[in-house]
Amino acid sequence: MVRVKDPEADPDSVCTGFFIDDSGYLITAFHSMKHRFLVGEEDFDLTIEFDTPEFDGVEFDGAEAEEAAELGDGVAGAGATGLMSSVTVAAHARAEWCDPKADWALLKVDYSPAAYLPLNGRGRASRDDLSDAELHVYGFTMMDQSSLKLALFKGNYVRHMAEKRRHHISYVVRAEGQSGGPVMNMANGEIIGSVVGYREREVMTGEAAELDRETVTALGLGIDLRAMAHEWHARAARFITARNPTLAVLAEELSVPELPNRFLRGREIVETIETLLGSDLASVFVHGAAGSGKTSVCVEAAHDLAAQDPGTSIVRYDFSLVRNRSSAMLIQALSMHLLVSKSCFEPIRECLESGFLRDHSKAAVELLHAVRTHRVIMIVENLHAVADTEDEELLKLLVDLESAAKLGRSKVLFNSHHQPPMGIGAPVVEANGFAGHEIAEFLRLYDVETDHVSLGNIAKLATNILCVEEVARSPEWRRKVLDGQDGPAGTEKLQRYWIENYARLPERQRGVLLAVAVMDRPVSRVELEEISDVDGFSATFEKLQRNPPLIRTSQEGYYIHSDTRMAMLTSSDRRQVYDTRLRAAHFCREKGSALEGARLLVQSEALEDALELLYQRRESLIASGSVDELEQVLGDIVERAEKSAELRKSVARELNILQASCSTMRGEYSAARQHWAHAAQTTQVPGEKAALLRRLGDSCRLASDYDAAIRHYQEAAALVEGASDHAELNEFAWASLGLGKLDRLHADYAQALERYGNARDSYSTLFDRTGLAEAEFGIGEVNRLLGAWGTSETAYASSLEHADSIGNVERRAYALWGLGEVCRLTGRFDAALDHHRVGLELCLKLGDRRSEGWALLGIGQAEFAAERMESARAAYEEALEQFEKTKSSTEVAHARLSLAELRSVGGETDLGLYDAADAHYRGLSLKHCMVQSSLAKALALRRLGRHRDANSLLKQAQKLAKKYELGPEERMIDVVRGRRGYAPALALNFP
């Protein structure tokens, strides 16, 4: 998306435009370019401008940054720091085509953009799909040409206006200069129109020119808009996964499964499956022993069925991988597939919500809707791996997927060693091994000829493809089989055979195979060499790849058959398996993959080692947004620790600290309190116990339980008061800081400043920059509430400097919030927005919902002060939603009071909102807030003409302000009381 300026025609004009391909075709509003079309001037010069985000931790060049910016809301946010840099390009343009009635124009610009936006691909037939669509409208404005975020509005589809070839949209179009901006359907990330402008006599609605690929393709431009859209969604997937390790792994595995080897194709069972699925059935269940060819027949049938409908996609999900054995992973994998293959955004958007792992229901609903709507063939493999699972949600999801497929055109192909679990209604198709001609054709590939008798002997073992492979691979065993000697028969004997077979392999080959087995995922050659740690690796590796290979290759890396993996783990000495996993864990740790390293240690029952690794890396893991994955590993540790009371006791402290840290970051302060309390009970060492009690106090404070917070802070301070130890001195300072925060909330500003100052002195002595950043922030907070703007701004700036010096993103976000508030309260609204927007991006990166809510509240207040009411309303409502999710009741009251003021100023006074906020403040004796809410309600009563009630409330507020020595509020009340009927919009200033 770009700003479009035509300086030759009008130096002061500005409109919005967006590229629809990478060759320079740009759509904008006709009325902004009509002077070029009406005078017949086809070629002219114009200027395009765009903002590119700067990224933290992901190295993008300028073109890629532009690409990220144009991927749209919620996509480019992954990894963005929030800082923007502007680019201006002077380019030659040609007036290509226009629709004056609909009000859109197509220009061909001599500029090749790094990114573009995809047009809606379903044409006019898709209008019914828009009835419940959430829409985002983007555009730049005359008022502020420095910010992309300023002109993002959310709205809904109202109706189609056939006579104008336009869409009528509610709650979106707001400012001059936004004309020509894209209207994006958030269900699929595609553009349904471009902004026209306001509707006459309707302040809250707008119109957009109708756009779709069908219309633009008809112009004969020679560009493949369908391919452009597909590439755009692939880019979106890359950016979404850039900061999400789980989705990144899933994205790598989304390649369409390859057809099986030639000799395995055309089997009768494939025809059976296709016949069943070609009828009204939506699912089949392929049952058979390991190696019986279940996967190959499912893949071949899927390819054949997909070939019957060009719009069909294929996805394969394998439960043999341990990490895949949860409903969360299944939902995320299928959602990623739908994004890439079907341009379907809604399921993956729900997966990206911070509470996804706790509650999958919304994501599951969107996923099942997409499965009903689109045609997807899902191969769900190795269902036996979750046969004993207690995850009822997973089993229900499998049943629901089958039902969703029945209601639409999708298909599900299950396969398993076991019979179907309860609830799966698919007919069972037996995979009983391979026919004689199939075996003979396979062996010929390796120059092994057999007669009828020998083939019969081999066929006895042909329930497992590995048995047939071994005939080709091992001359010794081939002679035994061809001579009719007894071979393994039955599942148990077959498993014993494999264990014995792999136990006889040379030690070096066993070492390499075991390295693949413990990783339980496709691996690179470098990983194999490091983890196996065998002499002569290259020669050994080549032998294992001889035909038929024991180590196979795919697009993702090298892997082994599940039976081979089972045999290696079973036949190997436990110490050897343990050592291999330790090497793998060490390799992962050195490469920065602490989570995978910890998983490997958990599988080795080295729970204490796993916890130590996670404990050491906890801050970086949480800061990188890996809270979901961290909680998954912690869940595995908890499950295994249940077996031993002694083990539970030994890991209790670290485990509770990790769980508390995750809960705190999610804003689940009740759960965090429990974990901090349990952790505090595990130690009597003064410094350690004080640290844990202080964190317990933090959780109580964040949950608005201020009495409990005071008690825990005081307990922590008492444990280390007068200490000389460095760590204990540090903890005393932190406990004092916590008490200072509560003094600030209760308007005891002199006491708060004293505590913050003492803490700052302690941190200076201890060279603790994190502590200094927090102490300076607290000093800034108190001075802001006292109206000492210069002192406050200096303190916030000092806090920001300390945070930046140590790379503390969380403290940086807090300091930016403080600077934004000082700017807002001193009339610098645009600067306030800049600070708050950067802070919001940092909070999103951290996954800190409560801080995200504060940033949104700051944005709303700045927009409110600048009289951009709809933008303020949207920010307030999002802030309220975040605070409600974290159960931060004081912050909920702040958001409600802010909304109450906005509605009152707009003529929609809701006194109930004022009363709800005031009741909360009085219940917790939050003096500053009590005075502020009373003043705000008094102004609202004045706006309603209830002057007597307003004056009575103003008197009460003035008494409170004088009693609590709240100078700025007392002076404001004096001004209001001295001017009859005066009811300005109140600049709220929350502690």
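Calculation criteria
- Along each chain, the written sequence defines residue order, and numbers are assigned to residues from 1.
- A pLDDT threshold of at least 70 governs which residues receive local features in this predicted model, and a stricter bar of 80 or more applies before side-chain atom pairs are shown or counted, although totals over entire chains, interfaces and linings include all residues.
- With hydrogens and water stripped out, all remaining heavy atoms of the structure feed into the side-chain values.
- Numbered from the N terminus, helices here are DSSP runs of H or I no shorter than four residues, and strands are runs of E no shorter than two.
- The classification of residues rests on relative accessible area computed with a 1.4 Å probe and restricted to protein chains. Under 20% of the type maximum is buried, over 50% is exposed, and intermediate values are partly exposed.
- In this analysis, two residues are considered to be in contact whenever any of their non-hydrogen atoms come within 4.5 Å of each other.
- For the accessible areas, the method is Shrake-Rupley and the probe is 1.4 Å, while residue cover comes only from the protein chains on display.
- UniProt positions are given in the numbering used here, feature names are shortened, and annotations may be inferred rather than shown by experiment.
- Definition of a polar contact: a pair of N or O atoms within 3.5 Å, with one able to donate and the other able to accept a hydrogen when the atoms are protein atoms, and with sequence-neighbouring residues admitted only if both atoms are side-chain atoms.
- To estimate how far a helix should reach, multiply one less than its number of residues by 1.5 Å.
- Our arc is simply the arc of the directions from the helix axis toward the C-beta atoms.
- By this definition, two strands are paired if DSSP reports at least two bridges between them.
- Only the contacting stretch of a helix is used when fitting its axis, a line to C-alpha atoms as for every element, and angles between N-to-C directions run 0 to 180 degrees.
- Within a predicted model, pLDDT stands for the predictor's per-residue confidence, ranging from 0 to 100.
- Any Lys or Arg side-chain nitrogen found within 4 Å of a carboxyl oxygen on Asp or Glu counts as a salt bridge.
- Only residues whose relative accessible area exceeds 30% and that take part in no salt bridge are eligible for patches, with like-charged residues grouped when within 9 Å of each other and nonpolar side chains (Val, Leu, Ile, Met, Phe, Trp, Tyr) grouped when within 5 Å.
- Counting rule for charge: Lys and Arg are taken as positive, Asp and Glu as negative, and neither His nor the chain ends is counted.
- Working definition for charges: the position is that of NZ of Lys, CZ of Arg, CG of Asp or CD of Glu.
- Stacked, edge-to-face and tilted labels apply to pairs of Phe, Tyr and Trp rings (six-membered ring for Trp) whose centres lie within 6.5 Å, assigned for plane angles under 30 degrees, over 60, and everything in between, in that order.
- Just so you know how the angles are binned, under 35 degrees is roughly parallel, over 145 roughly antiparallel, 65 to 115 roughly perpendicular, and the rest oblique.
- Two helices crossing with the near one rotated counterclockwise from the far one by less than a right angle form a left-handed crossing, whereas a clockwise rotation gives a right-handed crossing.
- We call Asp, Glu, Lys and Arg charged. Ala, Val, Leu, Ile, Met, Phe, Trp, Tyr, Cys and Pro are nonpolar, and the rest, Gly among them, are polar.

Draft legend 1. Focus on the overall build of the chain. When you go through the chain residue by residue, the secondary structure sums to 42 helices and 19 strands. Per-residue burial over the chain gives 57% buried out of 991 residues. Within the chain, counting contacts between residues at least 6 apart in sequence, those at least 24 apart form 69% of the total. Summed over its atoms, the accessible surface of the chain is roughly 41,000 Å², and 48% of this surface lies on carbon and sulfur atoms.

Draft legend 2. Local environment of the UniProt feature "coiled-coil region" (unreviewed entry) in the chain. Under the UniProt annotation, the feature "coiled-coil region" (unreviewed entry) is placed at residues 862-889. Within residues 862-889, the helical portion is 82% and the strand portion 0%, while the C-alpha atoms at the span's ends are 22 Å from each other.

Draft legend 3. Spotlight on the side chain of H836. Secondary-structure assignment places H836 in helix α35 (residues 829-846). For H836, a relative accessible area of 1% translates into the label buried. Polar contacts involving the side chain of H836 include one to the side chain of E821, which spans 3.0 Å. Here H836 is in contact with W817, G820, E821, A855, G858 and I859, once residues within four sequence places are set aside.

Draft legend 4. Geometry of helix α27 (residues 669-680). The terminal C-alpha atoms of α27, which comprises 12 residues, lie 16 Å apart, in line with the 16 Å expected from a rise of 1.5 Å per residue. Taken as a whole, α27 has its buried residues at Y669, A672, H675, W676, A679 and A680. An end-on view of α27 places all buried positions within 135° of arc, on one side of the element. Elements that come into contact with the buried residues of α27 comprise α26 (645-666), α28 (686-702), α36 (849-865) and α37 (869-886).

Draft legend 5. Focus on the sheet that holds strand β17 (residues 428-430). Ordered in space as β14-β15-β16-β13-β17, the 5 strands form an open sheet in which the pairing is parallel. Edge positions in the open sheet fall to β14 (313-318) and β17, since each of these has one partner strand only. The average undirected angle you get between the axes of adjacent strands in this sheet is 20°. Direction of pairing for β14 relative to strand β15 (residues 376-381): parallel, over a ladder of 6 bridges. When the sheet's bridge partners are listed, I314 is paired in β15 with I377. Here helix α6 (residues 268-278) sits on the sheet in contact with β13 (283-287), β16 (411-416) and β17, set at roughly 155° to β13.

Draft legend 6. Looking closely at the pairing of strand β2 (residues 15-19). In terms of burial, β2 is largely enclosed, as 5 of its 5 residues are buried. Burial of β2 is two-sided: the residues C15, G17 and F19 facing one way and the residues T16 and F18 facing the other way are all buried. When strand β1 (residues 2-5) meets β2, the two strands line up antiparallel, connected through 3 bridges. Within β2, the residue paired with V4 across the bridge is C15. Here β2 pairs with strand β3 (residues 25-28) via 3 bridges, running antiparallel.

Draft legend 7. The arrangement of α28 in detail. Taking 1.5 Å as the rise per residue, α28 with 17 residues should run 24 Å; its terminal C-alpha atoms sit 24 Å apart, in good agreement. In terms of burial, α28 is a largely internal element, 13 of the 17 residues being buried. Two residues or fewer after α28 comes S704, characterised by a positive phi angle close to 70°.

Draft legend 8. Layout of the confidence of the model for the chain. Confidence along the chain averages 81 in pLDDT terms, with 82% of residues attaining 70 or more. Taken as a whole, residues 54-83 scores under 50 in pLDDT and shows 79 contacts with residues more than four places along the chain or in a different chain. Taken together, the stretch residues 143-150 has pLDDT below 50 and engages in 24 contacts with residues farther than four places along the chain or on a different chain.

Draft legend 9. Up close: the pattern of salt bridges. The full count for this structure, using the stated rule, is 45 salt bridges. Between R653 and E688 there is a salt bridge whose closest N-O contact spans 3.9 Å. Linking R653 in helix α26 with E688 in helix α28, this pair joins segments that are 35 residues apart in sequence.

Draft legend 10. Representation of a negative patch on the surface in the model. A grouping of E529, E530, D533 and D535 is seen on the molecular surface, where their side chains present a negatively charged patch. You can see E529 is positioned in helix α18 (residues 525-532). The exposure class assigned to E529 is partly exposed, which follows from its relative accessible area of 43%.

Draft legend 11. Layout of the packing of aromatic side chains. According to the stated counting rule, one finds 12 aromatic pairs in the structure shown. Centroid distance F537 to F541: 5.5 Å. Interplanar angle 20°. Geometry classified as stacked. Pair noted here: F537 and F541 are both in helix α19 (residues 537-544), with a separation of 4 residues, about one helical turn. Here F537 matches F541 in class, with each residue buried. Centroid distance W854 to F883: 6.0 Å. Interplanar angle 70°. Geometry classified as edge-to-face. One end of the pair, W854, is in helix α36; the other, F883, is in helix α37, with 29 residues separating them in the sequence.

Draft legend 12. Summary view of the packing of helix α8 (residues 327-342) against helix α10 (residues 361-373). As a packed pair, α8 and α10 sit with axes 10 Å apart at the nearest point and diverge in direction by 45°. Relative to α10, the element α8 lies oblique. Where α8 crosses over α10, the two elements pack in a sense that is left-handed. Taken together, the residues of α10 that come into contact with α8 (itself represented by I331, L334, S335 and L338) are A363, A364, L367 and A370. Classifying every residue of the contact of α8 with α10 by side-chain character gives 7 nonpolar, 1 polar and no charged.

Draft legend 13. Region of the structure containing the pairing of strand β7 (residues 134-138). Here β7 lies mainly inside the structure; 4 of its 5 residues are buried. Inspection of the sheet shows β7 paired to strand β10 (residues 182-185) by 3 bridges, in the antiparallel sense. Looking at the pairing, L135 lines up with N185 of β10.

Draft legend 14. Up close: the packing of α6 against helix α7 (residues 294-307). In the contact formed by α6 and α7, the axes pass within 9 Å of each other and the chain directions differ by 50°. As far as their axial angle goes, α7 and α6 are oblique. For the pair α6 and α7, the crossing hand works out as right-handed. Contacts between α6 and α7 involve I269, V270, I273, E274 and L277 from the former and V297, E300, A301, D304 and L305 from the latter.

Draft legend 15. Molecular detail of unusual backbone geometry. Unusually for a residue other than glycine, D533 sits at a positive phi of about 55°. Even without glycine at this site, E867 takes up a positive phi of about 65°. The residue E867 is located in the loop between α36 and α37 in this model. Using a relative accessible area of 64% as the deciding quantity, one classes E867 as exposed.

Draft legend 16. Highlighting the environment of L944. Here L944 is to be found in the loop between α40 (927-943) and α41 (947-963). With 40 residues separating them in the primary sequence, L944 and S904 have C-alpha atoms 8.7 Å apart. In contact with L944, not counting residues within four places along its chain, are T909 and L911.

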